[in-house]
Amino acid sequence: MHDDGVPLRCPPDDPALTEMFPGDVAPRAVLVARGMSHSTISSRCRPGNRWQRPIPGVIVLNNGPLSRHQLYRSALVHAGPNSMLTGIAAARVHGVRALPKNRQVHVLIPHRRGVGSWGFAVVERTIHPPEPVEIDGLPVVPLARALFDAARRMDQLADVRAMVTDAVGRGLCDPQEIQREIERGSTIGSALIRRVLRELKQGFAGAVDKWAKRVVRVGGLPEPEWRPHIRDARGVTIQAYWTAHRVAWHIELCEFGLAPPSDTRPIARTGVLVVRTRPSQLRDDPIAVVEALQGAFRRATSRPPPAVVPA
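First, a word on what this report is: a plain description of the structure on this page. Not measured: the values here are computed from a predicted model.

**Notes on helix 6 (residues 143-152)**
Of all 10 residues in helix 6, 10 are buried, a share of seventy percent or more. Among all positions in helix 6, only L143, A144, R145, A146, L147, F148, D149, A150, A151 and R152 are buried. Against helix 5 (87-94), strand 5 (105-110), strand 6 (121-126), helix 7 (157-169), helix 8 (175-184) and helix 9 (191-218) lie the buried residues of helix 6.

Structure below.
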């Protein structure tokens, strides 16, 4: 831009164009503002020429097949400022693999914007847009929101199940994050992901039980009473209790939204040593969990008997 505010002219053959526009995707209006005529742009976009126009107002500065990144960038340029990828496109950018084939690019824009869908660009307005993250130069909604938005437009339970299971199973997203999106999102189209999340929680809770029993077995620990109901004046449920050692084991299922948060302080005040473990610790670092339990056993031997009674 000159000091007087007149746009700099930029010839269509200028190699600097590809440096100005990520992915060689440019808004037509910006090209015009930089001194190109509409006729020159239109000529360059004719079949067999150097450029192409995948969406009105969007120019790709080459004539080859559009890459996935160019498809995403084209949809974002069409949607305009403050737009962000969501749905299957965003889930793929986040690294989810188990996704149905879909050429559509789902984009969110602020509610007051008036841009509509065109071709492969599916534009959705939202009153409460999330804070996007940038991945590979693209503005993308958080993964939990992407999964929720994708599922609302899918009609096959198997596809939703595969997508969510892949994202959660590979540690890309927690069920609790998806649950929060479900609770604050639209109920329209959410039945499948709600069902998948219920299945996932049930299956994950079962996996946590297996991980816990593996820790006890591999660590050579005494067999506890599993899922006892240890009561004080207020009543607190824990997952395992070693009566002889006066050690209680609380696995914090709230980490992945499998249960509401619980308060074990009343139990601890009675003299029982409470070991708190997150499911991710059981999964990723079981040796550290074994060491924590063994340390609790050693500390518990010098304490007086607790004032609690297993139910």
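**Considering the side chain of Q52**
The topology assignment puts Q52 in strand 2 (residues 52-55). In terms of polar contacts, Q52 uses its side chain to reach the backbone carbonyl oxygen of G64, at 2.7 Å. Excluding its chain neighbours within four sequence positions, the residues that come into contact with Q52 are C45, V58, I59, V60, N62, N63, G64 and L66.

**Some words on the sheet that holds strand 13 (residues 247-251)**
Read across the open sheet, the four strands follow the order 9-12-13-14; overall the sheet is mixed. Edge positions in the sheet fall to strand 9 (225-226) and strand 14 (273-277), since each has one partner strand and no second. As defined by bridge partners, strand 12 (residues 240-242) adjoins strand 13 across three bridges and the pair is classed as antiparallel. Opposite W242, over in strand 13, you have V247 as the bridge partner. Against the sheet, helix 9 engages strand 9, strand 12 and strand 13, with an angle of about 145° to strand 13. Against the sheet, helix 12 (residues 286-300) makes contact with strand 12, strand 13 and strand 14, and its axis sits at roughly 175° relative to strand 14, the strand it touches most.

**Quick look at the layout of surface pockets**
Estimated volume of the largest pocket: approximately 330 Å³. Lining the largest pocket are 15 residues, with T126, H128, R145, R184 and G185 positioned closest to its centre. Listing elements by their share of the lining of the largest pocket, those giving two or more residues are strand 6, helix 6 and helix 8. Of the residues forming the lining of the largest pocket, the biggest block, four residues, is contributed by helix 6. Grouping the constituent residues of the lining of the largest pocket by class yields four nonpolar, four polar and seven charged. A volume near 170 Å³ is recorded for the second largest pocket. Residue lining of the second largest pocket: 14 residues in total, with I88, N102, Q104, H106 and R153 positioned closest to the centre. It is helix 5 that contributes the most residues to the lining of the second largest pocket, three residues altogether. Of the residues contributing to the lining of the second largest pocket, the split by class is seven nonpolar, four polar and three charged.

**Comments concerning the nonpolar core**
The nonpolar side chains of soluble globular proteins are, as a tendency, buried together. Residues L85, V105, L147, M163, V164 and I178 are the most contacted members of the largest nonpolar core, which totals 51 residues. Residue contributions to this core peak at seven residues, all from helix 6. Of all hydrophobic cores here, the second largest spans 22 residues; its members include V215, L221, W242 and A300.

Definitions and limits used
- Residues numbered from 1 in each chain as written.
- Predicted model: local features only at pLDDT ≥ 70, side-chain atom pairs only at ≥ 80, totals over all residues.
- Heavy atoms only, no water.
- Buried < 20%, exposed > 50% of the residue type's maximum accessible area, 1.4 Å probe, protein only.
- Helix = DSSP H or I, 4+ residues; strand = E, 2+ residues; numbered from the N terminus.
- Contact = heavy atoms within 4.5 Å.
- Polar contact = N/O pair within 3.5 Å; in protein donor to acceptor, adjacent residues only side chain to side chain.
- Pairing = 2+ DSSP bridges.
- Axes fitted to C-alpha atoms, helices over the stretch in contact; angles between N-to-C directions.
- 1 Å grid on protein atoms, 1.4 Å probe; cavity = no way out; pocket = protein on both sides within 12 Å on 5 of 7 lines; lining within 4 Å.
- Points joined across faces, edges and corners; volume = space filled by probe spheres on them.
- Nonpolar A, V, L, I, M, F, W, Y, C, P; charged D, E, K, R; others polar.
- Core = buried A, V, L, I, M, F, W, Y, C linked by side-chain atoms within 4.5 Å.

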